[in-house]
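Summary of the model geometry
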Amino acid sequence: MTFRIRRIGRSHEADPDSGAARINRESLGLYRRILGYVRPYRRWMVISIIALLFSVALGLILPLVVRNLVDVVLIDNNLQQLNQLAAGLFVVFIVQAIFSFAHRLTLAYVGERAIADIRIRAFSHLQTLSLRFYADRRTGEIVSRLTNDVSLLQEAITSNLVALLRQALTLAGAGVLLFVLNWRLTLVILTGIPIITLIMVALGRRIRGASTIVQDNLAEAASILEESIGGIRIVKSFTREAHEIQRFSQRVNETFAAAMERARIASVLGPFIGFLAFASITITLWFGSYEVIQGRLTAGGLVAYLVYTMLVASPIASLAGLYAQFQSALGAAERLFSLLDTTSDVETRPGALQLPSVSGEVVFNDVSFGYTAELPVLCEVSFRATPGQVVALVGPSGAGKSTLVNLIPRFYDVTKGRVTVDGYDVREVDLTSLRAQIGLVPQETILFSDTVEANIRYGRLDASTAELEAAARAANAHQFIVQDLPQGYQTRVGERGVKLSGGQRQRVAIARALLKDPRILILDEATSSLDSASESLVQQALERLMAGRTSFVIAHRLSTVLNADWILVLDRGRVAEQGAHTQLLQNPGGLYRHLYEMQFAEAREAAGV
Ligand SMILES: Nc1ncnc2c1ncn2[C@@H]1O[C@H](COP(=O)(O)OP(=O)(O)OP(=O)(O)O)[C@@H](O)[C@H]1O
Ligand SMILES: [Mg+2]
């Protein structure tokens, strides 16, 4: 534990004190940005603040009444006036309760609405981010940002903001009244304010630092949780349960250590500020009585003054706690905003044209690409797929086949050369209009945890049942859906489709892509999990469907490739050969011939020849 606390300490040394001004400026920017989310509801905010003003003002009447009670009623023994005062107070407090209700409700509305907006905004933003972003992040971490960090912010905007505003206004109102009652006494008390402020700012920064560590570790823990649940089969088959528990516990314990650090600072801060506040009451008692003795203050005035001091003291004491929570929330806001500020590296350019309905010509013109600058994956790839052609991509694992087809829907941007569809550079057209015309069955098929029907319908949300079934038939999926699944099309497939077999999953995915009816179809090992019989059925269906659209088929089995119009043989990112099957076979030293002969030998062995 000591190590962890030290770690927290170090992270503070990392941001030097000279940066205080910068940090405050940053905080101001953060406040402004959070308020930006409140702005659309400013009308409610104004109503809320007006209600609050009334509510606080009415609350401040009590000490004045007490002064009257002591100075007038008790001295004159005026029973009738006492009754009037009591009745009046009742009315005042009822009205105050009503204003308080209005204030809380409206402010809660504003806060909850703003948080809902932030959540939706963050989710929408995530949808725009590129695959590169997701390759670099872990799902659990992102989920944690949208849950844990947003919750922290929510706490701050909804409940804390109510309290903070109320305390601040009470403080201001009571402060003014204190001045009116006896300014000399008030000046004595005010000397404490700068001390309190300095302490709060110093400790507040440490709280924020600790809170950041808490949230980071929570995000880390969420990632481990997500991964170990997603990979539960692997965990169990390798009996790594203890290892996973250890990984998770470590993060949770680090969260605990940082949370304790935060709690320690907050625990010191609260009572310390409370002590200062109540010390001021003692001073008031002493100095106020002295003023009464000197004849500068009435007894009732002193009582009223004391009540005001208490009214001031309790907000100051709780302000410290609220301030601590606010600092945590600011940290959360910072992380959330940094997520919102991440821009996608693949975006529709301003002024990009809508890609018109294409015929499906795809041209790679001297295309080079790498996921990182250091490591090229594709080198000077050039080819031309004419509309309606079936292009097969073959080559060893890791050659760059999946990478190549990912460039067509512009999941990544090329580093050199260009990819065009019907003559349009994919970078120059609207992304949505481009992707709307491309159907993709990826190498790792993912289904959503919904029904089979909903998963196929994902291809085209407004498809009719007949169209849906036709797509399922073409993908050779209809039969197993109707015969083997307990609820047919309404069967739920489980998370990522785990309740289906690998081959069934692939066929559902093919149906989904077919329903979209795209001009360009990309099948990345789409039939790899099927037995030969199913594969040839799907193959036949696909051939019918591929007619009239440009298709890219990646397959290791050459039987799938035989019918392609054009074959691209990739080797370590380069096009080693391209041409039709018969043409490529004629090259005796060629890679294609080599692959073909190997498979041919395998097939002969399997047949026992
Ligand atoms: N998101 C990524 N980030 C970084 N490198 C990647 C990424 N995806 C793939 N690579 C690398 O790019 C190279 C080509 O990968 P790719 O997936 O295109 O191969 P492939 O030809 O489809 O292989 P396979 O037949 O095994 O599917 C590999 O060396 C791989 O390590
Ligand atoms: Mg691949």
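A quick note: this is a predicted structure, and the numbers were derived from the prediction, not measured. (Residues numbered from 1 in each chain as written. Chains lettered and ligands numbered in written order. Predicted model: local features only at pLDDT ≥ 70, side-chain atom pairs only at ≥ 80, totals over all residues.)

Describing the domain arrangement of the protein chain
- Looking at the assigned domains, one finds that the protein chain contains domain 1 (2-12 + 28-341), domain 2 (386-437 + 520-609) and domain 3 (444-517).
- Taking only C-alpha atoms, the centre of domain 1 and the centre of domain 3 are 51 Å apart. (Domains from an automatic or database assignment.)

What to know about the site of ligand 1
- Residues in contact with ligand 1, as listed here, are Ala135, Tyr371, Val377, Ser397, Gly398, Ala399, Gly400, Lys401, Ser402, Thr403 and Gln443.
- In terms of residues, the shell around ligand 1 owes the most to one element, helix H13 (residues 401-406), which gives three residues.
- Class assignment for the residues of the shell around ligand 1 results in four nonpolar, six polar and one charged. (Near = placed C-beta within 6 Å. Helix = DSSP H or I, 4+ residues; strand = E, 2+ residues; numbered from the N terminus. Nonpolar A, V, L, I, M, F, W, Y, C, P; charged D, E, K, R; others polar.)

Describing the pairing of strand E3 (residues 390-394)
- Counting buried positions along E3 yields five of five residues, so the element is predominantly enclosed.
- With burial as the criterion, each face of E3 is covered, one bearing Val390, Ala392 and Val394 and the other bearing Val391 and Leu393.
- Relative to strand E8 (residues 550-554), E3 runs parallel, the two being bridged by four bridges. Along E8, the bridge assignment pairs Ala392 with Val553.
- As paired strands, E3 and strand E9 (residues 566-571) are joined by four bridges and run parallel to one another. Note that in E9 the partner of Val394 across the bridge is Val569. (Buried ≥ 20, exposed ≤ 12 C-beta atoms within 10 Å, placed from the backbone. Pairing = 2+ DSSP bridges.)

Describing the nonpolar core
- Counting residues in hydrophobic clusters, the biggest one holds 71 residues, and the most contacted among them are Ala392, Ala475, Ala511 and Ile567.
- No other element matches helix H18 (residues 502-515), which puts seven residues into this core.
- Taken together, domain 2 (386-437 + 520-609) and domain 3 (444-517) each give at least three residues to this core, which thus spans both.
- When near neighbours in sequence (up to four residues on either side) are disregarded, Ala475 contacts Arg507, Ile510, Ala511, Leu514, Val538 and Ala541. (Core = buried A, V, L, I, M, F, W, Y, C linked by C-beta atoms within 7 Å. Contact = placed C-beta atoms within 7 Å.)

Concerning helix H4 (residues 61-76)
- For H4, built from 16 residues, the straight-helix expectation of 22 Å at 1.5 Å per residue is met to within 8% by its first-to-last C-alpha distance of 21 Å.
- Turning to H4, its buried residues are Pro63, Val66 and Arg67.
- Positive backbone phi, approximately 55°, marks Asn77, located one or two places after H4. (Expected span 1.5 Å × (residues − 1).)

Concerning unusual backbone geometry
- One non-glycine residue, Asp366, lies in the positive phi region at around 55°.
- With respect to the secondary-structure elements, Asp366 resides in strand E1 (residues 362-369).
- The class for Asp366 is exposed, based on 12 C-beta atoms found within 10 Å.
- The phi dihedral of Arg572 falls on the positive side, at around 45°, and the residue is not glycine.
- Along the chain, the position of Arg572 falls in the loop between E9 and strand E10 (574-579).

A word on the sheet that holds strand E7 (residues 520-524)
- The sheet built from six strands is open, its strands ordered E6-E7-E8-E3-E9-E10 with mixed pairing. The open sheet has two edge strands, strand E6 (438-441) and E10, and neither has a second partner. Averaged over all neighbouring strand pairs, the angle between strand axes comes to 15°, with direction disregarded.
- The strands that H18 touches are E6 and E7; relative to E6, the one it contacts most, it runs at about 180°. (Axes fitted to C-alpha atoms, helices over the stretch in contact; angles between N-to-C directions.)

Points about the environment of Ile522
- Examined against the element boundaries, Ile522 turns out to sit in strand E7.
- Placed 29 residues apart in sequence, Ile522 and Val493 show a C-alpha to C-alpha distance of 24 Å.
- Among residues more than four places away in sequence, those in contact with Ile522 are Val405, Ile408, Ile438, Gly439, Leu440 and Phe552.

Things to note about the environment of Ser130
- By the secondary structure assignment, Ser130 is in the loop between helix H5 (79-128) and helix H6 (131-136).
- Ser130 sits in the partly exposed class, given 17 other C-beta atoms within 10 Å.
- Taking the C-alpha atoms as reference, Ser130 lies 55 Å from Leu58; in sequence the two are 72 residues apart.
- Ser130 has contacts with Ser344, Asp345 and Val346, leaving out every residue within four places of it along the chain.

Focus on the environment of Tyr489
- Within the secondary structure, Tyr489 is located in the loop between helix H17 (478-484) and H18.
- Residue classification places Tyr489 among the partly exposed residues on the basis of 19 C-beta atoms within 10 Å.
- Linking Tyr489 and His478, residues eleven residues apart in sequence, is a C-alpha distance of 8.8 Å.
- Discounting residues that sit within four places of it in the chain, Tyr489 has contacts with Thr451, Val452, Glu453 and Ile481.

What to know about the sheet that holds strand E4 (residues 416-421)
- What the four strands build is an open sheet, ordered E2-E1-E4-E5; its pairing is antiparallel. Each edge of the open sheet carries a strand with a single partner, namely strand E2 (378-385) and strand E5 (424-425).
- Where E1 meets E4, five bridges bridge the pair, whose relative direction is antiparallel. Across the sheet, residue Val363 finds its bridge partner in E4, namely Thr420.

Digging into the packing of H4 against H5
- Contact geometry of H4 with H5 gives a least axis separation of 11 Å together with a crossing angle of 175°. Taken together, the axis directions place H4 and H5 in an arrangement best described as roughly antiparallel. Residue-level contacts link Ile61, Val65, Asn68, Leu69, Val72 and Val73 of H4 to Gln81, Leu82, Leu85, Leu89 and Val92 of H5. (Parallel < 35°, antiparallel > 145°, perpendicular 65-115°, else oblique.)

Observations regarding the packing of helix H8 (residues 183-190) against helix H11 (residues 241-293)
- Relative to each other, H8 and H11 sit at 155°, their axes nearing to 10 Å. Accordingly, the angle class assigned to the pair H8 and H11 is roughly antiparallel. Both H8 and H11 take part in a crossing whose hand is right-handed. Of H11, the residues touching H8 (which contributes Leu185, Val188 and Ile189) are Ser280, Ile283, Thr284, Phe287, Gly288 and Glu291. (Left-handed = near helix turned anticlockwise from the far one by under 90°.)

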